[in-house]
Amino acid sequence: MNLSLQTKGRHGYSVEFSPFFATKLACATSQYYGIAGSGTLYILEAGPGGLVPQTVFEWNDGLFDVTWAENNENVLVTGAGDGSVVVWDIQQRRGPIKAFKEHVKEVNSVHWSQTRQEHYFLSGSWDKSIKLWEISRGNSLTTLNGHEAIVYSVRWSPSIPGCFASASGDHTVRIWDIRRPEMSQTVIPAHNSEILTCDWSKYDQNLLFSGGVDGAIRGWDVRNPQSPICDMRGHSLAVRRIKASAFQRNILASVSYDFTTRLWDFTINMAVETLEHHTEFVYGLDFNLFKPGEMADCSWDGILRVFTPKTLSNPGMSLQH
């Protein structure tokens, strides 16, 4: 499958496949490169007719990230340029069902808990803080402080309840436990640059990846993070987002300001495929959890793509060593 959709007048920031349906995905976008103007959230269906918008929501500021609820197939959360954390229900087409207004600057990152016994979500902001939310509550449950610059990314562990990682412009990745929110449990000075993204391995609960403005992608054993277990170079500009494959232990994907999407085998520190199908910064990236090899990305060029890279196109193929 190789599908695309032009989000006219909207620049792509984030794309996420539904955790419930193989052919549904959401894309968060902004007008005027997120500097001014409004934002649009697209809920799309991928099929023989292409990428078809099913529901389109508007917000009065740019939308910078999106995450699906893990306990309700119709609910999504977005982070907005006005500091709002906005909750949407696909069946409530008139607008958001809730907008939490606690952050005082842009919300870069939102993520719903990945462990089944919890139904929390996180937000990370330019105001340097991280907030923990529960959808039925009117206010955040707690605010986690410690980062000394913009929080660009927050990612729940897929394996350890209550554990998440954050990446910041202060050159650190931090590991947190929501049962002890007063300070981070681990601080990793992962790059000599701003760190824009992080993601956990789906196979090893102690393995965390980071990507920075220095163009490097590194892997860390969070139990002993003195030095990286892998260090991958190839991007010529900032790494904007990374995602670890749920199907192949050693595969990681990345998108960058160098206009490329890349697949890496971190066991050999090498890119195994480079896709050059955008003409602007690439911001959004995700793997389809139902279809091995299928991915999506979105870019400031206003194009959302769903595709299967050649490297991942044979379902029976394994790159594992």
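All figures in this text were calculated on a predicted structure; none of them were measured in a lab.

## Some details on the overall build of the protein chain
Within the protein chain, the secondary structure is distributed over 0 helices and 28 strands. Radius of gyration (C-alpha) of the protein chain: 18 Å, near the 20 Å computed for a compact globule of 321 residues. With the C-alpha coordinates of the protein chain rotated into their principal frame, the extents come out at 50 × 50 × 35 Å. Looking at the protein chain as a whole, 62% of its 321 residues qualify as buried.

## Let's talk about a nonpolar patch on the surface
On the surface, Ile268, Met270 and Val272 cluster together into a nonpolar patch covering about 240 Å² of accessible area. The residue Ile268 is located in the loop between strand E24 (261-265) and strand E25 (270-275) in this model. Of the residues examined, Ile268 reaches a relative accessible area of 39% and is grouped as partly exposed.

## A few points about the pattern of salt bridges
In total, this model carries 15 salt bridges according to the counting rule given. Its salt-bridge partner being Arg155, residue Asp199 comes within 3.2 Å of it at the nearest N-O pair. In this pair, Asp199 is assigned in strand E18 (residues 195-200) and Arg155 in strand E14 (residues 151-156), connecting sequence segments 44 residues apart. Taking the relative accessible area as the measure of exposure, Arg155 reaches 12% and is therefore buried. Among the ionic pairs, Asp231 bridges to Arg218, the shortest N-O distance being 3.1 Å. With Asp231 in strand E21 (residues 230-232) and Arg218 in strand E20 (residues 217-221), this pair connects stretches of sequence that are 13 residues apart.

## A word on the sheet that holds strand E8 (residues 84-89)
Sheet architecture is open: 4 strands sit in the order E6-E7-E8-E9, paired in antiparallel fashion. Each end of this open sheet is capped by a strand with a single partner; those strands are strand E6 (63-68) and strand E9 (98-101). Across this sheet, the average inter-strand angle for adjacent strands is 20°, counted without regard to direction. For E8 and E9, the ladder comprises 4 bridges, and the chain directions are antiparallel. In the strand pairing of E9, Ser84 is matched with Lys101.

## Digging into empty space enclosed by the protein
This model, assessed by the stated rule, comprises 1 cavity of 30 Å³ or more. Of the volumes computed, that of the largest cavity is approximately 130 Å³. In terms of lining residues, the largest cavity is bounded by 16 residues, among which Asp65, Ser109, Ser153, Arg155 and Arg241 are the most central. Mapped onto the lining of the largest cavity, the elements with two or more residues apiece are E6, strand E10 (107-112), E14, E18 and strand E22 (239-244). It is E22 that provides the largest number of residues to the lining of the largest cavity, a total of 4 residues. Per-class residue counts for the lining of the largest cavity are 6 nonpolar, 4 polar and 6 charged.

What counts, and at which threshold
- Residues numbered from 1 in each chain as written.
- Predicted model: local features only at pLDDT ≥ 70, side-chain atom pairs only at ≥ 80, totals over all residues.
- Heavy atoms only, no water.
- Helix = DSSP H or I, 4+ residues; strand = E, 2+ residues; numbered from the N terminus.
- Rg over C-alpha atoms; globule rule 2.2 N^0.38 Å.
- Buried < 20%, exposed > 50% of the residue type's maximum accessible area, 1.4 Å probe, protein only.
- Patch = residues over 30% accessible without salt bridge, like charges linked within 9 Å, V, L, I, M, F, W, Y side chains within 5 Å.
- Areas by Shrake-Rupley, 256 points an atom, 1.4 Å probe, with all protein chains shown as cover.
- Salt bridge = Lys/Arg side-chain N within 4 Å of Asp/Glu carboxyl O.
- Pairing = 2+ DSSP bridges.
- Axes fitted to C-alpha atoms, helices over the stretch in contact; angles between N-to-C directions.
- 1 Å grid on protein atoms, 1.4 Å probe; cavity = no way out; pocket = protein on both sides within 12 Å on 5 of 7 lines; lining within 4 Å.
- Points joined across faces, edges and corners; volume = space filled by probe spheres on them.
- Nonpolar A, V, L, I, M, F, W, Y, C, P; charged D, E, K, R; others polar.

Scope: geometric values only; no functional claims are made or implied.
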